[in-house]
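This is what each chain is made of:
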Amino acid sequence: MGDSDGEDVTPELPLEVLVYVLTFLHAADRKEASLVCRSWYAASQDLRFQKDVTFSFPASMAAQALVGRLARQQRCSLRINQLDGFSVSRSLLLQVGERLGPWLEGLALPGSSITEASLLALLPRLTALRRLDLRGLDSLFMSGAFLSREEHRRQVRSALSGLEELDLSDLRYLSDLTFTRLTGCTPHLRRLALAGCHIAFEFDPYGGRPAGAGEDSSALLSLRNLRRLLVEQHATLRELDLSRTGVTPQSLRVIAQVDGLVLEELRLQGCRELTDRSVEVLLQQQRSLRRLDVGGCTELSSRSVQAAARGLQALTELSLSRDWRITERGLAELLSLPSLRSLDLSECLHVSGEELISGLTPPSATRAQLRVLKLRGCTYLRDTVVLSLSQLLADSLLELDLTSCVNVTDLSVCAIATYLQRLQVLRLGWCREVSDWGLLGVAQESRSEQHNGTGDGGPSFTRTFGNMGFFQPPRMPFEERPKLVTLNQLQQLQQQRAGASLLQLQRLQELDLSACAKLTDCSITQVVRFLELQRLSLCMLPELSDAGLAAVGRSCRSLTSLALSHCPGISDSGMAQAAPFLQRLQHLQLACCSNITDRTLHLLMQHCRRLKTLDVSRCKNISMTTVDLLQSQLPFLEKVHHKLIGAADPMLTA
């Protein structure tokens, strides 16, 4: 149709149609589309796209204008970095309270040193707040006077009565008195995080009760006070994080036995004093647990695995990472839980994966539908197991971590590409036997399967036992059992061509190929072509050149994080070809890239305006003057790592 001047006018699509079109886009693509015109922006603000939206930015003058624009949001959360006690930070917090107070659902203030007065002026205005993150804000709690006035407590209690999540992790000066004041203003908590806090887990040696029962400690949060909170808020509290604290077996029993407490999530990562018996007691009392993290609890063994398999029928997520005493025992029973969705066995050095296969293999009446499987550092994992797992989890697995599985070869990569086509996250860092052939789908016969650890070349060396030529790993019981997948089956997989290339994994959002030193531009240019890929690591690839980097830039335009550290073959030329396509990039690592110069930083200023973090450490051809200019030009830049720039790297010149 034409207007009065005879010119063609394109009719605008109804808002409902635009909203429907945007539902097919990934969040990053939808964000780009919202910048096209006003009608597309309006469509992107539909409520169905605004669930759990968090805006992250550093404190600055520009941030005040951003807060003003966010006032149009119905609901949102903020993560503000680098706040301090100066006027810019005070004005920003004041504007947050005035503009967003009735709509702000979450507030996090990491890496800040704000004053008590600034926070107390803000909190009473945040009447819709559901999540508050105060981790590491020692400046608030050092004096012990936070919320000491009844008037302030009354104002904060009125605003935060609906608060559901409180994060007080990594606070060195959290005392009993301050903890009581703060939690008294938040009577309906669902989640409490105290990870890394100094907590006094002490007991009366005669009565078996928590010590200090008479009065609040002025210096340290005590178990007695923590138990008091659990008793008072047992009706609502469902998630507790005590990671990296000194919780003892007896303290854990006291927490688990609180009357009426029904936990659904418990995180005890790095609590090294816990024993198998303490975990068994915990699981007897808290049978409703769905998510349990006991990673880094180095005294635990397979007894804890069996206790979880038998006692937690609703378990969906279990982390056993760095529990070095855990073996195969109990894993098959664990994988029979139909509710289990995520399993982390990273650095469980005695796990080979055989029992995982047993638990997943029919005719099991019920079995886990794993979406996340982390096997980082499981050095006994071999191609046969990876193939079986790929077949058994083909319909469910979304994330697979095989970092530092040194016996994984090209055959495993072919199996993953053939069967796990729903995969969104794949980590193969430090799998040094992975080569171009594997990524391209043309696998060679596995040397580890041919020689089985011996042969003309002498004994094989493992990461666990070093390279002492006369010292072999002991034979493990699971190595004597017949393999579920034979070498013949692996050779049949080798003959498959269609569908075996890594390019088949078009749903990938994260890919880690760090330190796979056999990879070259040949496979990177042909295979790393993923429209939805957001995070890519190609660190320590000596054969990666500017051609490979340019191809990545052209083919992976959704990247928000790119790691290229220790890649001597890339230079300003490659960055010049890739940067125009990487306008969404937020995190870039270029440490120890000796051919990168100031020109690359100027390219980043021009094309990568959303950059948040940059690492150019040990880049000898970059000057501090250009780094300072970069920091002044990029509005969202939070951190630049620039150690030993402008000088030769002794490690590279040696």
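Residues numbered from 1 in each chain as written. Predicted model: local features only at pLDDT ≥ 70, side-chain atom pairs only at ≥ 80, totals over all residues. Heavy atoms only, no water.

**Q** What exactly am I supposed to notice about the overall build of the protein here?
**A** Scanning the protein for helices and strands turns up 26 helices and 22 strands. A separation threshold of at least 6 residues defines the contact pool for the protein, and within that pool the share at least 24 residues apart is 79%. Total accessible area computed for the protein in this model is approximately 29,300 Å², and 50% of it derives from carbon and sulfur atoms. (Helix = DSSP H or I, 4+ residues; strand = E, 2+ residues; numbered from the N terminus. Contact = heavy atoms within 4.5 Å. Areas by Shrake-Rupley, 256 points an atom, 1.4 Å probe, with all protein chains shown as cover.)

**Q** Looking at this structure, how should I read the nonpolar core?
**A** Soluble globular proteins: nonpolar side chains tend toward being buried together. Within the largest apolar cluster, 168 residues are counted, with the highest numbers of intra-cluster contacts made by Leu192, Leu194, Leu268, Leu334 and Leu426. Residue-level mapping places this core at the junction of two domains, with at least three residues from each of domain 1 (15–314) and domain 2 (532–653). Residues Leu18, Leu22, Ala33 and Phe49 belong to the second largest nonpolar core, which totals 6 residues. (Core = buried A, V, L, I, M, F, W, Y, C linked by side-chain atoms within 4.5 Å. Buried < 20%, exposed > 50% of the residue type's maximum accessible area, 1.4 Å probe, protein only. Domains from an automatic or database assignment.)

**Q** Teacher, can you tell me more about the pairing of strand β1 (residues 54–58) here?
**A** Regular strands have side chains that alternate between both faces of the sheet. Looking at chain direction, β1 and strand β2 (residues 76–81) are connected through 5 bridges and run parallel. Residue Thr54 lies in a different strand from β2, and its bridge partner there is Ser77. (Pairing = 2+ DSSP bridges.)

**Q** How do you make sense of the environment of Ser304 when you look at a structure like this?
**A** In this structure, Ser304 sits in helix α13 (residues 302–311). Taking the C-alpha atoms as reference points, Ser304 and Ser278, separated by 26 residues in sequence, lie 9.1 Å from one another. In this view, Ser304 contacts Asp276 and Val279; residues no more than four positions away in its chain are not counted. Reaching out from Ser304, the side chain makes a polar contact with the side chain of Asp276 at a distance of 2.6 Å. (Polar contact = N/O pair within 3.5 Å; in protein donor to acceptor, adjacent residues only side chain to side chain.)

**Q** Looking at this model, I keep getting lost on the pairing of β2. Mind explaining?
**A** The element β2 is extensively covered by neighbouring structure, given that 5 of its 6 residues are classed as buried. Chirality of the crossover, the property in question, places the unit of β1, helix α4 (residues 61–70) and β2 among those that are right-handed. As for the winding sense of the linkage, the β-α-β connection from β2 through helix α5 (residues 87–100) to strand β3 (residues 104–108) is right-handed. (Right-handed = clockwise from strand over helix to strand, strands pointing away.)

**Q** Looking at this structure, how should I read the pattern of salt bridges?
**A** When charged atoms on two side chains of opposite charge get close, those side chains can pair. Per the stated rule, a full pass over the model turns up 26 salt bridges. We note a salt bridge from Arg153 to Glu150, for which the minimum N-O separation is 2.7 Å. Of this pair, Arg153 and Glu150 both sit in helix α8 (residues 150–160), 3 residues apart, roughly one helical turn. Since its relative accessible area comes to 18%, Arg153 is described here as buried. According to the relative accessible area criterion, Glu150 is partly exposed, its value standing at 40%. Asp293 is the salt-bridge partner of Arg267, the closest N and O atoms lying 3.7 Å from each other. (Salt bridge = Lys/Arg side-chain N within 4 Å of Asp/Glu carboxyl O.)

**Q** Is there a simple way to explain unusual backbone geometry in this structure?
**A** For Leu147, which is not glycine, the phi torsion reads 60 degrees and is therefore positive. Judged by relative accessible area, which is 1%, Leu147 ranks as buried. Notably, Trp430 is not glycine yet its phi reads approximately 65 degrees, a positive angle. Relative to the helices and strands, Trp430 is located in the loop between β16 (425–427) and α18 (436–440). Overall, Trp430 belongs to the partly exposed group, its relative accessible area being 33%.

**Q** Help me out: how do you make sense of helix α12 (residues 276–285) in this one?
**A** Spacing of three or four residues puts side chains on the same side of an α-helix, whose turn is 3.6 residues. Burial analysis of α12 places 7 of its 10 residues in the buried class, the great majority of the element. Within α12, the full set of buried residues consists of Asp276, Ser278, Val279, Glu280, Val281, Leu282 and Leu283. Where α12 is buried, its residues contact α11 (249–256), β10 (265–267), β11 (291–293) and α13.

**Q** Got a minute to help me understand the packing of aromatic side chains in this structure?
**A** We describe a pair of aromatic rings using the distance from one ring centre to the other and the angle between the two ring planes. By the definition in use, this model includes 2 aromatic pairs. Ring centres 5.2 Å apart and planes at 85 degrees place the aromatic pair Tyr20 and Phe24 in the edge-to-face group. The pair Tyr20 / Phe24 is uniform in exposure class, with both members exposed. Centroid distance Phe141 to Phe146: 5.5 Å. Interplanar angle 70 degrees. Geometry classified as edge-to-face. Overall, Phe141 belongs to the buried group, its relative accessible area being 1%. A relative accessible area of 0% places Phe146 in the buried class. (Phe/Tyr/Trp six-rings, centres within 6.5 Å; stacked < 30°, edge-to-face > 60°.)

**Q** Could you clarify how one ought to interpret the environment of Ser404 in this entry?
**A** Positionally, Ser404 belongs in the loop between β15 (399–401) and α17 (410–419). Its relative accessible area of 8% is what places Ser404 among the buried residues.

**Q** Even after reading the chapter, I still don't get the confidence of the model for the protein, so can you show me in this structure?
**A** Keep in mind that low pLDDT regions are not for reading the predicted coordinates in detail. The predicted model of the protein averages 87 in pLDDT, with 85% of residues at 70 or higher. For residues 445–485, every residue scores under 50 in pLDDT, and the model assigns this stretch 58 contacts once sequence neighbours within four places are set aside. This model gives residues 648–654 a pLDDT under 50, and the stretch forms 7 contacts once residues within four places in sequence are excluded. (pLDDT = per-residue confidence, 0-100.)

**Q** Please explain α17 as it appears in this structure.
**A** For α17, the tally of buried residues reaches 9 of 10 residues, placing the bulk of the element in the interior. Along α17, the positions that sit buried rather than exposed are Asp410, Leu411, Ser412, Val413, Cys414, Ala415, Ile416, Ala417 and Thr418.

**Q** Looking at this structure, I do not really get the side chain of Gln233. What am I missing?
**A** When you line up the elements, Gln233 lands in the loop between α10 (223–232) and β9 (239–241). Of note is the side chain of Gln233, whose polar atom sits 2.9 Å from the backbone oxygen of Thr186. Apart from residues lying up to four places away in sequence, Gln233 is in contact with Thr183, Thr186, Pro187, His188 and Leu189.

**Q** Please explain the environment of Ala28 as it appears in this structure.
**A** Among the secondary structure elements, Ala28 is positioned in helix α2 (residues 27–33). The class for Ala28 is buried, based on a relative accessible area of 18%. With 506 residues separating them along the chain, Ala28 and Gln534 place their C-alpha atoms 9.1 Å apart.

**Q** Could you clarify how one ought to interpret the packing of α12 against α13 in this entry?
**A** The relative placement of two packed helices comes down to the angle between their axes together with the axis-to-axis distance. It is the contact of α12 with α13, at a shortest axis distance of 9 Å, that shows an interaxial angle of 10 degrees. With respect to α13, the axis of α12 lies roughly parallel. On α13, the residues touching Asp276, Arg277, Val279, Glu280 and Leu283 of α12 are Arg303, Ser304, Ala307 and Ala308. Taken together, the residues of the contact of α12 with α13 sort by class into 4 nonpolar, 1 polar and 4 charged. (Axes fitted to C-alpha atoms, helices over the stretch in contact; angles between N-to-C directions. Parallel < 35°, antiparallel > 145°, perpendicular 65-115°, else oblique. Nonpolar A, V, L, I, M, F, W, Y, C, P; charged D, E, K, R; others polar.)

**Q** Hey, could you run me through the side chain of Arg181 in this one?
**A** Among the structural elements, Arg181 can be located in helix α9 (residues 176–184). Here Arg181 sits buried without a salt bridge, and the closest side chain of opposite charge, Glu116, lies 7.1 Å off (N-O distance). Those residues in contact with Arg181 that sit more than four places away from it in its chain are Gly144, Ala145, Phe146, Leu147, Ser148 and Arg153. (Lys, Arg positive; Asp, Glu negative; His and termini not counted.)

**Q** Which parts of the structure should I look at to understand the packing of α4 against α5?
**A** It is at 9 Å that the axes of α4 and α5 come closest, and there the two elements cross at 0 degrees. By the angle between their axes, α4 is roughly parallel relative to α5. Contacts between α4 and α5 involve Met61, Ala63, Gln64, Val67, Gly68 and Leu70 from the former and Val88, Ser91, Leu92, Gln95, Val96, Arg99 and Leu100 from the latter.

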